[in-house]
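So you can see what is in the structure, the chains are spelled out below.
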Amino acid sequence: MNNLARKYIIVEGIVQGVGFRPFIYNIAVKNQLKGWVKNTSEGVYIDIEGKEKDINKLLEELKNNPPPLSQIEKITVTKKDIGQFNTFTIKNSKGVEKPMTQISPDIATCKECEEEIIDTNNRRFKYPFTNCTNCGPRYSIIKELPYDRVMTTMADFKMCSKCLEEYKNPSNRRFHAQPNACSKCGPKIWLENSKGKKIESIQPIEDTLRFIKEGRILAIKGLGGFHLVCNGKDEKAVEKLRVRKSRPKKPFAVMMKNLEIVKKYCDVNKEEEEILTGIRKPILLLHRKNELLSQSIAPNNREIGVMLPYTPLHYQLFDKDIEILIMTSGNISGLPIEYKNHHAREKLSKVVDYYLMHNREIHLSVDDSVARVILDNKQLIRRSRGYAPTPFKLNANLEILACGSNLKNTISIAKNGNGFLSQYIGDLDNLETYNNYIKTIEHFKGIYKIEPKVIVHDMHPEFASSHIIQRLEGEKIAVQHHHAHIASCMKENKIVDKVIGIAFDGTGYGDDGKIWGGEFLVCDYSGYERAGHLNYVKMPGKDYAVKEPWRMSISHLYELYGKKISTNKFDYLDKRTKKNIITMISNNLNCIETSSMGRFFDAISALLGFNGNVSFEGEAAIRLENLINAKEKLYETKSYNYLIENVEGRYVINTKGIIEEILYDTENNVSNSVISKKFHNTVVAFSIDMCKQIRKKYRLNKVTLSGGVFQNKIIIEGIYDGLLKEDFQVFIHREIPCNDGGISFGQMAIAESKLSTRRK
Ligand code: ZN
Ligand code: ZN
Ligand code: FE
């Protein structure tokens, strides 16, 4: 039908600053449609007239092929009277009353820009800051909203006439691309030595490559901060970096030249390939294919974190000799990533030989995100670059600030029915990270224009964030750590009714003042009942037991044998240390009780030979998982004996039998691989058993899994599959991290629900 028609279309979602209007403009012009498009605070409005079938074409494109950075939530179409327009125009968005609240995350270089930088005839050949409306920096350079060049750190760069032409041309890919630049008018790179002295070089990138080949360590300023970089195939350089960064064992992420190289070293399935090559380019955890990669990149780990180049600069850091670069955050272990030139010079001078600097200022540091594929789909372990601050829909229109957890901190803010989860901030146990935390809170309040009346925080009385929380004005809501974990998973999965929540993690303050972490909660947003948990065991020396897993082993052994305990296993400890620990436990001195699943894993790991201090969170547990060989992973199905007891109306897992049998196995030359797999099977088995008993008592069938222990593949897959077989409905995290990076989101969800019920 060639009937003429006129339609009024409203598109809602993330549709601003993502090239939406030129996208519509180009389709309209191509199809001889007339009318206009404009941005408003509610979304993009399109008034369009032409042949019905052409309008339908536009609607089809809108649905099936929208600009890559957009996220359409709703399209509303209404009919109107025809005969209004002669041309198609992009209307000025001036006079938009309410500020836009949606900011695009930073996005990896798109295909078109990539082609331009390798094209010798293009004016952007090799230009390291090439970007367009489909790619480039956003969140990390925005100082304030609305998103306009003057509000970003690009304000200091005046566009040259060619760039300006692109910027003003609606049919150009760079129409209204705020960070648009070229080598004439945009940011520049240069080299400095470790003392911060500029090195005169006409080809800084070529020189950088030379330094990398010489085995040097460089700090390279990227999109959201500095990376520490060296040749991933140069074992000596990698070791040197470990020493200088004081990061003995924690895996390093790598950047690989291209997909082909990734496939040479790692197993890559279809889902993984999509994530690697997608527009966000997180670090993806992949299974190592072989022993070709140096062990020092990720010691004792079968997985490796890999990403592909995501800025025009990155592409140029590879050549025929360089195919793998260590790309770890530019910081001293434990401190936040450096993102200001002068700070980097100060802090990293002892770590690096050279700096590759640039003068596009990063306003807010954004770490690389970390993802993996689990149960056939993507799951984010760290939600940061490429994802933050994409909002989640909330039910209520409230202003809330959620302060998050002490470790792996993030914050969340609720505004206008949207929940914004911040980028990864880190562990709040040092002043630098804490300052970054405060800055992020202020930044969020500033860009989203909110003065939250409600502040949600963890119940823990001694969190670093308690100081700031006391200073903030407004109503305070304290949320139990594991309740927040489960709520974050419920919210992500849009669950409204009661669930059985399994929260397995390292540490969370319980409402009995003890350290929880192996929890079975029956809960919704309004509250929880602790239906069951792992039995309490003492943590001798409290927090020291986190750093020294053997303390937990001794504690478990003491539970079993009391004073008759044998500590022969721990031959690396001197007699006095062992005696002290036993005295601590028997006299209950400097101990705190814990039901933590993380500590339980630590204890087993130390029983199976993990004999050092933990140099990063989860190290002992990761070691335990990695003891399992491919064969046992598939075929070892036995498990150890456990007991579920009823203690004061709660189901409590008694772990004594497990420890006893593991000891028996270790003394009878059963391999660590078999023991570890049997242990994992046991955790899976008692979890399912617990859920079955809780289902019977509470008549609930939905189970949500949350907490850092679910980063363990065998545990999450085992429990997930096992519960499905028992006809449970099971929900896991995808977009929100299962670890403490998701706590602020759960806190926000709980506060949202509390406040909206109060309103009714
Ligand atoms: Zn681009
Ligand atoms: Zn230019
Ligand atoms: Fe936690």
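Refer to the structure presented above.
Nothing here was measured: the structure is a model prediction, and the numbers come from that model.

Caption draft 1: Just the overall build of the protein chain, in detail. Along its length, the protein chain carries 23 helices and 31 strands. Taken over the C-alpha trace, the protein chain has a radius of gyration of 28 Å; the compact-globule value for 760 residues is 27 Å, and the two agree within 12%. Expressed as lengths along the three principal axes of its C-alpha atoms, the size of the protein chain is roughly 90 × 65 × 50 Å. Here the protein chain holds 760 residues, and 61% of them are scored as buried. Long-range contacts, defined as pairs at least 24 residues apart, comprise 71% of the intrachain contacts of the protein chain with a sequence gap of at least 6.

Caption draft 2: Layout of helix 4 (residues 161-168). Among all positions of helix 4, only C163, E166 and Y167 are buried. Projected down its long axis, helix 4 carries its buried residues within an arc of 100°, all on one side. Turned more than 90 degrees away from the buried face of helix 4 sit S161, E165 and K168, all of them exposed.

Caption draft 3: Structural view of the sheet that holds strand 5 (residues 88-90). Spatially, five strands are ordered 4-1-3-2-5 in an open sheet, and the strand pairing comes out mixed. Single-partner strands in this sheet number two, and they are strand 4 (71-80) and strand 5. If you compare each strand with its neighbour and ignore which way they point, the axes differ by 15° on average. Of the strands in this sheet, strand 1 (4-14), strand 3 (43-51) and strand 4 are in contact with helix 2 (residues 52-64), which crosses strand 1 at around 10°.

Caption draft 4: Structural detail: the state of the cysteines. Overall, the coordinates contain zero disulfides when judged by the stated rule. No disulfide involves C489; its sulfur sits 9.0 Å from that of C738, the nearest cysteine.

Caption draft 5: Representation of the nonpolar core. Within the largest apolar cluster, 62 residues are counted, with the highest numbers of intra-cluster contacts made by F679 and L705. The biggest single contributor to this core is helix 21 (residues 672-698), with ten residues. If sequence neighbours within four positions are ignored, F679 has contacts with F600, F601, I604, L624, Y640, I658 and I662. Counting 38 residues, the second-largest nonpolar core is a separate cluster that includes L241, L286, I324 and A344.

Caption draft 6: Structural view of the coordination of the iron ion (ligand 3). The protein atoms donating to the iron ion (ligand 3) are H481 (NE2), H485 (NE2), D505 (OD) and D740 (OD), with metal-donor distances spanning 2.0 to 2.2 Å. Each of the four donor atoms around the iron ion (ligand 3) contributes to a set of angles spanning 88 to 171°, which defines the coordination as irregular. In the primary structure, the donors to the iron ion (ligand 3) are separated according to the pattern H-x3-H-x19-D-x234-D. With D505 in strand 23 (residues 499-509) and D740 in the loop between strand 31 (729-731) and helix 23 (743-759), the pair connects residues that are 235 residues apart, well separated along the chain. When its relative accessible area of 9% is taken as the criterion, D740 is described as buried.

Caption draft 7: Expanded view of the packing of helix 17 (residues 597-607) against helix 18 (residues 619-626). Running from N to C, helix 17 and helix 18 point in directions that differ by 60°, and their axes come no closer than 8 Å. Between helix 17 and helix 18, the crossing angle belongs to the class labelled oblique. Relative to helix 18, helix 17 is oriented so that their crossing is left-handed. Together, F601, D602, I604 and S605 of helix 17 and A620, A621, R623 and L624 of helix 18 make up the contact between the two elements.

Caption draft 8: Representation of the coordination of the zinc ion (ligand 1) within the structure. Coordination sphere of the zinc ion (ligand 1), protein contribution only: C110 (SG), C113 (SG), C132 (SG) and C135 (SG), at 2.3 Å. The coordination sphere of the zinc ion (ligand 1) comprises four donor atoms, whose angles at the metal cover 103 to 118°; the geometry is tetrahedral. Along the chain, the residues that donate to the zinc ion (ligand 1) are spaced as C-x2-C-x18-C-x2-C. Note that C110 is positioned in the loop between strand 5 and helix 3 (111-118) and C132 in the loop between helix 3 and helix 4, a separation of 22 residues in sequence. Accessibility assignment for this pair places C110 and C132 in one class, buried.

Caption draft 9: Looking closely at the packing of helix 21 against helix 22 (residues 713-725). The interhelical angle for the contact between helix 21 and helix 22, taken along N-to-C directions, is 40°, at an axis separation of 9 Å. The angle between the axes of helix 21 and helix 22 places the two elements in the oblique class. You can see that helix 21 and helix 22 cross each other, and the crossing is right-handed. On helix 22, the residues that touch K677, H680, V683, V684, S687, I688 and C691 of helix 21 are I714, I715, G718, I719, G722 and L723. Each residue belonging to the contact of helix 21 with helix 22 can be placed in one class, and the counts come to eight nonpolar, four polar and one charged.

Caption draft 10: Up close: the environment of E303. Mapping E303 onto the fold places it in strand 12 (residues 303-307). Each C-alpha atom of the pair E303 and D267 lies 9.9 Å from the other, and the pair is 36 residues apart in sequence. Discounting chain neighbours no more than four positions away, the residues touching E303 are L285, L286, R288, A298 and K713. One polar contact links E303 to K713, side chain to side chain, over a distance of 3.4 Å.

Caption draft 11: Structural detail: the packing of aromatic side chains. Counted under the stated rule, the structure contains 17 aromatic pairs. Note on Y642 and F686: the rings are 5.8 Å apart at their centroids and 75° apart in plane angle, and the pair reads as edge-to-face. Pair noted here: Y642 is in the loop between helix 19 (630-635) and strand 28 (643-647) and F686 is in helix 21, with a separation of 44 residues, a long-range link. Residue F686 is classed as buried on the basis of its relative accessible area, which comes to 0%. Among the aromatic residues, ring-to-ring pairing joins Y8, W36 and Y45 into one connected group. The ring centre of Y424 lies 4.4 Å from the NZ or CZ of R382, which sits over that ring. Note that R530 overlies the ring of W516, its terminal NZ or CZ placed 3.8 Å from the centroid.

Caption draft 12: The arrangement of unusual backbone geometry in detail. A388 connects to P389 through a cis peptide bond whose omega is 5°. For N590, which is not glycine, the phi torsion reads 50° and is therefore positive. N590 gets classed as partly exposed once you look at its relative accessible area, which sits at 43%. Its identity is not glycine, yet N669 carries a phi of approximately 55°, on the positive side. By the secondary structure assignment, N669 is in the loop between helix 20 (656-667) and helix 21. N669 sits in the exposed class, given a relative accessible area of 72%.

The rules behind these values
- Residues numbered from 1 in each chain as written.
- Chains lettered and ligands numbered in written order.
- Predicted model: local features only at pLDDT ≥ 70, side-chain atom pairs only at ≥ 80, totals over all residues.
- Heavy atoms only, no water.
- Helix = DSSP H or I, 4+ residues; strand = E, 2+ residues; numbered from the N terminus.
- Rg over C-alpha atoms; globule rule 2.2 N^0.38 Å.
- Buried < 20%, exposed > 50% of the residue type's maximum accessible area, 1.4 Å probe, protein only.
- Contact = heavy atoms within 4.5 Å.
- Arc of directions from axis to C-beta.
- Pairing = 2+ DSSP bridges.
- Axes fitted to C-alpha atoms, helices over the stretch in contact; angles between N-to-C directions.
- Disulfide = S-S within 2.5 Å.
- Core = buried A, V, L, I, M, F, W, Y, C linked by side-chain atoms within 4.5 Å.
- Donors = N, O, S within 2.8 Å, 3.2 Å for Na, K, Ca; no water.
- Tetrahedral: all angles 85-135°; square planar, octahedral: opposite > 155°, others 65-115°.
- Parallel < 35°, antiparallel > 145°, perpendicular 65-115°, else oblique.
- Left-handed = near helix turned anticlockwise from the far one by under 90°.
- Nonpolar A, V, L, I, M, F, W, Y, C, P; charged D, E, K, R; others polar.
- Polar contact = N/O pair within 3.5 Å; in protein donor to acceptor, adjacent residues only side chain to side chain.
- Phe/Tyr/Trp six-rings, centres within 6.5 Å; stacked < 30°, edge-to-face > 60°.
- Lys NZ or Arg CZ within 6 Å of the ring centre and 35° of its normal.

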